[in-house]
Amino acid sequence: MDSPILKLKVVLLGDSSVGKTCLINRLITGRFNPKEETTINAMHNIYDFNFQEKIVQLQIWDTAGEEKFHYLAPMYYHGAVGALIVYDITDEPSFERAKFWIEELHRNATTPVIFLVGNKIDLENQRKISLESIESFAEENSLFLMETSAKTGENVEITFRALAKQVSGLS
Ligand code: GDP
Ligand code: MG
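Everything numeric here is computed off the predicted structure, so don't read it as measured data.

### Considerations on the nonpolar core
Part 1: Core analysis: the largest hydrophobic core is formed by 52 residues, its most contacted members being Leu13, Leu58, Ile60, Ile85, Leu105, Leu116 and Phe160.
Part 2: No other element matches the six residues that strand S4 (residues 80–88) contributes to this core.

### A word on the pairing of S4
Part 1: With eight of its nine residues buried, S4 lies for the most part within the structure.
Part 2: Note: strand S1 (residues 5–13) against S4, five bridges, orientation parallel. What sits directly across from Leu13, in S4, is Ile85.
Part 3: Here S4 pairs with strand S5 (residues 113–119) via seven bridges, running parallel. Across the sheet, residue Asp88 finds its bridge partner in S5, namely Asn119.

### Some thoughts on the environment of Ile46
Part 1: Within the element layout of this structure, Ile46 appears in strand S2 (residues 44–51).
Part 2: Spatially, the C-alpha atoms of Ile46 and Trp61 are 8.9 Å apart, while their sequence positions differ by 15 residues.
Part 3: Residue contacts for Ile46: discarding those within four places in its chain leaves Ile28, Gln57, Leu58 and Gln59.

### Concerning the site of ligand 1
Part 1: As a structural note, the neighbourhood of ligand 1 is formed by 19 residues, with Ser17, Lys20, Cys22, Asp122 and Ala150 the closest of them.
Part 2: A distance of 2.7 Å separates an oxygen atom of ligand 1 from a polar atom in the side chain of Lys20.
Part 3: One of the backbone N or O atoms of Lys151 is found 3.2 Å from an oxygen atom in ligand 1.
Part 4: In the complex, the protein chains occlude 87% of the 580 Å² of accessible area that ligand 1 would expose alone.
Part 5: Residue contributions to the shell around ligand 1 peak at three residues, all from helix H1 (residues 20–29).
Part 6: Here the shell around ligand 1 is built from residues that sort into six nonpolar, seven polar and six charged.

### Looking at the sheet that holds strand S6 (residues 144–147)
Part 1: Ordered in space as S2-S3-S1-S4-S5-S6, the six strands form an open sheet in which the pairing is mixed. Whereas interior strands pair on both sides, the edge strands pair on one side only; in this sheet they are S2 and S6. Between one strand axis and the next, the sheet turns by 25° as a mean value, whatever way the strands run.
Part 2: As paired elements, S5 and S6 share four bridges and run parallel to each other. Counted as the bridge partner of Leu116 is Leu145 from S6.
Part 3: Docked against the sheet, H1 engages S1, S2, strand S3 (54–61), S4 and S5, running at close to 50° with respect to S2.
Part 4: Sitting on the sheet, helix H3 (residues 92–108) is in contact with S1, S4 and S5, with an inclination near 165° to S4.

Criteria and thresholds
Residues numbered from 1 in each chain as written. Chains lettered and ligands numbered in written order. Predicted model: local features only at pLDDT ≥ 70, side-chain atom pairs only at ≥ 80, totals over all residues. Heavy atoms only, no water. Core = buried A, V, L, I, M, F, W, Y, C linked by side-chain atoms within 4.5 Å. Buried < 20%, exposed > 50% of the residue type's maximum accessible area, 1.4 Å probe, protein only. Helix = DSSP H or I, 4+ residues; strand = E, 2+ residues; numbered from the N terminus. Pairing = 2+ DSSP bridges. Contact = heavy atoms within 4.5 Å. Near = heavy atom within 4 Å. Polar contact = N/O pair within 3.5 Å; in protein donor to acceptor, adjacent residues only side chain to side chain. Areas by Shrake-Rupley, 256 points an atom, 1.4 Å probe, with all protein chains shown as cover. Nonpolar A, V, L, I, M, F, W, Y, C, P; charged D, E, K, R; others polar. Axes fitted to C-alpha atoms, helices over the stretch in contact; angles between N-to-C directions.

Encoded structure:
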């Protein structure tokens, strides 16, 4: 018997250079390309997760650099059931901006599952945002919190998998 496939759209949001494209590439290719060009990627990428009998397919949308202007077209958000809001743990403004992206998401998508993702944990010695302050922010706003490194791969698959699980309602 064929396994049912759930196809779910998720989006990556966050300021330019926080590592959104590298996170998707790490998940899909298993590699890190430090010279990642922001605009070369397809608009969305497909990744299948297996949960026992069920296959959950994430359609992962990436920006093409337009987040620099702090504006993304409504179609980017349309139909998204989940989002990774990414910031760079070495860059305080990117965390402040994450709050703006969360508001944008709420304005444009209906009750999405939100994961707040602190990327670049391989640069722990340059951390600018304490884990405690992020934890309290995540708790106040009912967000899932993860920390990743697209460079080393730490927590990347785990994060997308946790998102897939949440948006699909599988437990
Ligand atoms: P985007 O603009 O959010 O899509 O960011 P990119 O994926 O293009 O990455 C921006 C820059 O951050 C690039 O120079 C990457 O090499 C670098 N980068 C991305 N992820 C990581 C990471 O986990 N660790 C480190 N040290 N650098 C990263
Ligand atoms: Mg990018």
